[in-house]
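What follows is each chain in one-letter form.
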Amino acid sequence: MNFKLKHPYKFGKGYEKPVAYFSMEFAIDQPLKIYSGGLGFLAGSHMRSAYDLKQNMVGIGILWKYGYYDQVRKHNNELDVLWQERHYNFLQELDFDIEITVDNHPVKVKVYYLAPEVFGTAPLFLLSTDHPQNDHLAHTITHKLYDNNIATRIAQYILLGVGGAKLLEKLGHEVELYHFNEAHALPAAFRLLEKLGSVEKVREKLVFTTHTPVKAGNEINDPNFLHKLGFFNGFSIGEIDRLIGLDEGMFNHTLAALRLSKIANAVSKKHQEVSSAMWGGYTNICDIIPITNAQNKTYWTDKELEKAYEKRSVKKFTSRKKTLKSELFQLVADQTGKIFDPNILTIVWARRFAGYKRADLIARDVARFEALLNNKDYPVQMIWAGKPYPLDHSAVSTFNWLVHFTRKYHNATTLTGYELSLSAMMKKGSDVWLNNPRIPLEASGTSGMTAAMNGSLNFSTNDGWILEFGEHGKNAFVIPEADTTAPEGEQDQWDADHMMHILEEEIVPMYYKNHEQWVEMNFQSMADVNKYFRASRMADEYYRKLYNHH
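Note that this is a predicted model, so its numbers are computed, not measured. (Residues numbered from 1 in each chain as written. Predicted model: local features only at pLDDT ≥ 70, side-chain atom pairs only at ≥ 80, totals over all residues. Heavy atoms only, no water.)

1. Section: the overall build of the chain
Item 1. The number of helices and strands found in the chain is 20 helices and 19 strands.
Item 2. Expected size for 550 residues packed as a compact globule is a radius of gyration near 24 Å; at 24 Å, the chain falls within 12% of this value.
Item 3. Counting only C-alpha atoms, the chain reaches 70 × 50 × 50 Å along its principal axes.
Item 4. Scored against the burial criterion, the 550 residues of the chain give a buried share of 62%.
Item 5. Counting contacts in the chain only where the partners sit at least 6 residues apart, residues at least 24 apart contribute 74% of the total.
Item 6. Within the structure as shown, the chain displays about 21,000 Å² of accessible surface, and the carbon and sulfur contribution to it stands at 49%. (Helix = DSSP H or I, 4+ residues; strand = E, 2+ residues; numbered from the N terminus. Rg over C-alpha atoms; globule rule 2.2 N^0.38 Å. Buried < 20%, exposed > 50% of the residue type's maximum accessible area, 1.4 Å probe, protein only. Contact = heavy atoms within 4.5 Å. Areas by Shrake-Rupley, 256 points an atom, 1.4 Å probe, with all protein chains shown as cover.)

In structure tokens, the structure reads:
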């Protein structure tokens, strides 16, 4: 083995402790298509900030042969899913294999290395079962991120966890802590248990980030099924029950991670409260502290807009914003045949399509939405984008409904291909960043942070990170909180009514009648987001509060 792991920097003060960060997905840069949404965007920003701060960290992930999926269109413009093979000349294939066991079968694993210099990240190792000695079934383990076949998905967890742990052993890279970004890498804990011999010793080496604010989002499986596939790394179900505990006879992944970790974090202050309430009734769980998500400013921010903000130049800001809008609108015209106007107030709703995120809420009252679009004096343009999980039929149908719904309007449309590059364009090219999840289902949300960094004002329900940022009328527009005990339909109606009222009475008039105030509000938003929601703050907190926790 010729490969020697070496960070290209001397470690920063307080960041010397060696840590391995396990994640199913990393959104590092547009060409590397191994991510689906927020979890990946967070991991990518974390890796970049670890590099910026010179932290002693390595990332461990999976090289997805077909990525998540390419979002394309059918002949009638509805969503279609393309699985396309990906090859990368900037990844280094290492000169050794590792081996894991899945369903009592040996599986060979190739290792690829993303050097820090390529994109400015901590060293990242990506595992692949695309190996000539594997059979077709083993190959499929690393075909698709979040495979819908449950057995394949469990095999992916075994690969990430046991494969990642064995990789560190093979490299001779002794780490003091394993950090699981979500519970997918749990099998690594059972590898550690085998090596260290006790749960107490495992706890000293594990920290965990939980992302889900609802019970349903926490994966639960039949322990017999997991045991058969090799998830427990050879430990019997009886031993797992005795050492960690089953939940009513089932294996609860998040609960196990909370019981095996020294300390865990939620991804916003509100999410910490929700998580503590959700898991508070269980025994033997670790403390859950808040470390609010953040995004890497250097990667996301437009340099010219940043200069305008630093000089507090309304003129420069307005001029640059128009240029950025024009760049986005070229893509809009290319995809949809609609030419948009950079002088017109532009609202964007763009993120993963999921039921609770309510992409279509602004169009709930069609007549009122049309009046907004058709206002001759103060017109508005609206753009949607985002990838639904391909088998979330409800989310796919919402996307398709919007495609057909917007067809008749010259100033509303839906884009495909929402990945890092389009995400950045839409943040830079929008005036208003609309975010309306149903409270309290958004653990954090991060898209609005990078929108704010690029002079797009957040217009949001009061959930996730917005609770720590949004001051209505000062740096954002915040929809008053609905009664979360009311039926969903009533909550939706409340949020839709208040959304339209704020648009009609505050946002649209300010943009057209008091543009200086509009830009000043953006400057305030940029100042506030820079204060606390840069990933350098987050990466520092992970060391101070999680890794160096005693």
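2. Structural notes on the pattern of salt bridges
Item 1. Within the structure shown, the criterion is met by 29 salt bridges.
Item 2. For lysine 387, the salt bridge identified is with glutamate 419, shortest N-O distance 3.2 Å. Residue lysine 387 is located in the loop between strand S15 (380–385) and helix H15 (393–406), and its partner glutamate 419 is located in the loop between strand S16 (412–415) and helix H16 (420–428); the two are separated by 32 residues in the primary sequence.
Item 3. The class for lysine 387 is buried, based on a relative accessible area of 5%.
Item 4. Each of Arg358, Arg438, Glu488, Asp492 and Asp495 takes part in salt bridges that share partners, so that together they form one network. (Salt bridge = Lys/Arg side-chain N within 4 Å of Asp/Glu carboxyl O.)

3. A closer look at the packing of aromatic side chains
Item 1. A full pass over the atoms with the stated rule returns 44 aromatic pairs.
Item 2. Ring geometry for phenylalanine 22 against phenylalanine 180: centres 5.6 Å apart, planes inclined by 80°, an arrangement best described as edge-to-face. With a gap of 158 residues between them, phenylalanine 22 in strand S1 (residues 19–22) and phenylalanine 180 in strand S8 (residues 177–181) connect regions that are remote in the sequence.
Item 3. Since its relative accessible area comes to 1%, phenylalanine 22 is described here as buried.
Item 4. Note on phenylalanine 180: relative accessible area 1%, which makes it buried. (Phe/Tyr/Trp six-rings, centres within 6.5 Å; stacked < 30°, edge-to-face > 60°.)

4. Considering the sheet that holds strand S9 (residues 206–209)
Item 1. Taken together, the 9 strands give an open sheet; going across it, the order is S5-S6-S7-S2-S1-S8-S9-S12-S13, and neighbouring strands pair in mixed fashion. Each end of this open sheet is capped by a strand with a single partner; those strands are strand S5 (92–102) and strand S13 (288–290). With direction set aside, neighbouring strand axes in the sheet form an average angle of 25°.
Item 2. As judged from the 4 bridges shared by S1 and strand S2 (residues 57–62), these two strands associate in the parallel manner. If you follow alanine 20 over to S2, its bridge partner there is valine 58.
Item 3. Its contacts with the sheet place helix H5 (residues 187–196) against S1, S8 and S9, and it is angled at close to 160° to S8.
Item 4. The sheet contacts of helix H20 (residues 535–547) involve S1, S2, S8, S9, strand S12 (263–266) and S13, and relative to S12 the element is tilted by about 140°. (Pairing = 2+ DSSP bridges. Axes fitted to C-alpha atoms, helices over the stretch in contact; angles between N-to-C directions.)

5. Considerations on the sheet that holds strand S14 (residues 345–350)
Item 1. Spatially, S16-S15-S14-S17-S18-S19 is the arrangement adopted by the 6 strands of the open sheet, whose pairing is parallel. The open sheet has two free edges, formed respectively by S16 and strand S19 (476–479), since each of these has just one partner strand. Here the strands of the sheet are splayed against their neighbours by 20° on average, with no regard to which way each runs.
Item 2. Note: strand S18 (residues 457–461) against S19, 4 bridges, orientation parallel. Bridge pairing in S19 places asparagine 458 opposite alanine 476.
Item 3. Sheet strands touched by helix H14 (residues 366–373): S15 and S16. Its angle to S15, the strand with the most contacts, is close to 120°.
Item 4. Its contacts with the sheet place helix H18 (residues 488–513) against S14, S15, strand S17 (432–435), S18 and S19, and it is angled at close to 160° to S19.

6. Examining the pairing of S15
The side chains of a regular strand alternate between the sheet's two faces.
Item 1. Most of S15 is tucked away: 6 of the 6 residues are buried.
Item 2. On S15, burial covers both faces: Val380, Met382 and Trp384 on one face and Gln381, Ile383 and Ala385 on the other are all buried.
Item 3. In terms of strand pairing, S14 meets S15 through 6 bridges, oriented parallel. Across the sheet, residue threonine 346 finds its bridge partner in S15, namely glutamine 381.
Item 4. A crossover links S14 with its parallel partner S15, the connecting element being H14, and its sense is right-handed.
Item 5. Here S15 runs beside S16; their pairing, made up of 4 bridges, is parallel. (Right-handed = clockwise from strand over helix to strand, strands pointing away.)

7. Overview of H15
Since the α-helix packs 3.6 residues into each turn, any two residues three or four apart lie on the same face.
Item 1. The terminal C-alpha atoms of H15 lie 20 Å apart, and with 14 residues this matches the ideal 20 Å at 1.5 Å per residue to within 8%.
Item 2. Packing partners of the buried residues in H15 comprise strand S3 (70–73), strand S4 (79–82), H14, S15 and S16. (Expected span 1.5 Å × (residues − 1).)

8. Comments concerning unusual backbone geometry
Item 1. Cis geometry is found at the peptide bond from isoleucine 439 to proline 440, where omega equals 0°.
Item 2. Mapping proline 440 onto the fold places it in the loop between S17 and helix H17 (447–453).
Item 3. Positive phi outside glycine occurs at glutamate 248, with the angle close to 55°.
Item 4. Relative to the elements of secondary structure, glutamate 248 occurs in the loop between helix H8 (237–243) and strand S11 (251–252).
Item 5. In this model, arginine 358 sits at a positive phi of 50°, which is unusual for a non-glycine residue.
Item 6. Mapped onto the secondary structure, arginine 358 falls in the loop between S14 and H14.
Item 7. Overall, arginine 358 belongs to the buried group, its relative accessible area being 4%.

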